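Next come the chains, spelled out residue by residue.
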Amino acid sequence: MSWAPRAGLPIVESTTPPVLTLTGPVTRSRVAGLVDDARALLEATGATVVVCDVAGIGPPGLVAVDLLARLQLAARRAGGHLRLRGPDPALGALLDLVGLRFEVEGEAEEGEPALGVEIEVEPGEAAV
């Protein structure tokens, strides 16, 4: 059997994920519409991840936490997941407090050293 060669690397997603930009303040009346927007982005693009830009969401509160939880649930139901871009440290702390975990752009993945961090070596060996 043989297959036609593919363009690009087979394990690397060659497309940029769609971005949903949230601007504040977030109110309960906007939550349903934003969840529908995220679901539509996933269905229209066929992507498995939606990047949610939360830099302009305003002061974090429980409505913002509720919105992000609903967005994550909608993304999972559509076969994808949510990635946060630009979260305020207070929002990250609030999400940790309520037990919600999100992938954040620019953070090192679990088990990987952060960029620019050298791995410890034995004395006399060169650092990598």
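Please refer to the structure higher up on the page.
Residues numbered from 1 in each chain as written. Predicted model: local features only at pLDDT ≥ 70, side-chain atom pairs only at ≥ 80, totals over all residues. Heavy atoms only, no water.

Go over the pairing of strand 2 (residues 49-56), please, and point to the residues and values.
Burial of strand 2 is extensive: six of the eight residues sit out of reach of the surface. Where strand 1 (residues 19-23) meets strand 2, four bridges bridge the pair, whose relative direction is parallel. Each residue of the ladder has a partner; that of leucine 20, found in strand 2, is cysteine 52. One crossover worth recording links strand 1 to the parallel strand 2 by way of helix 1 (residues 28-45), and it is right-handed. In the sheet, strand 2 pairs with strand 3 (residues 81-85) via five bridges, with the strands oriented parallel. Within the sheet, the bridge partner assigned to valine 50 lies in strand 3 and is leucine 82. (Buried < 20%, exposed > 50% of the residue type's maximum accessible area, 1.4 Å probe, protein only. Helix = DSSP H or I, 4+ residues; strand = E, 2+ residues; numbered from the N terminus. Pairing = 2+ DSSP bridges. Right-handed = clockwise from strand over helix to strand, strands pointing away.)

Lay out the packing of helix 2 (residues 62-77) against helix 3 (residues 89-98) with the relevant residues and their values.
At a minimum axis distance of 10 Å, the contact between helix 2 and helix 3 shows a crossing angle of 70 degrees. Relative to helix 3, the element helix 2 lies roughly perpendicular. Taking contact as the criterion, the partners of Leu62, Val65 and Leu68 in helix 2 are, on helix 3, Leu91, Leu94, Leu95 and Val98. A breakdown of the residues in the contact of helix 2 with helix 3 according to their chemical character gives seven nonpolar, no polar and no charged. (Axes fitted to C-alpha atoms, helices over the stretch in contact; angles between N-to-C directions. Parallel < 35°, antiparallel > 145°, perpendicular 65-115°, else oblique. Contact = heavy atoms within 4.5 Å. Nonpolar A, V, L, I, M, F, W, Y, C, P; charged D, E, K, R; others polar.)

With reference to specific residues and values, describe the side chain of aspartate 53.
Looking at where aspartate 53 falls in the secondary structure, it is placed in strand 2. For the buried residue aspartate 53, which engages in no salt bridge, the nearest side chain bearing the opposite charge is arginine 85, 4.6 Å off. In this structure the side chain of aspartate 53 is engaged in a polar contact, spanning 3.2 Å, whose partner is the backbone nitrogen of alanine 55. Not counting residues up to four positions away in its chain, the partners in contact with aspartate 53 are Val19, Leu20, Thr21, Leu22 and Arg85. (Lys, Arg positive; Asp, Glu negative; His and termini not counted. Salt bridge = Lys/Arg side-chain N within 4 Å of Asp/Glu carboxyl O. Polar contact = N/O pair within 3.5 Å; in protein donor to acceptor, adjacent residues only side chain to side chain.)

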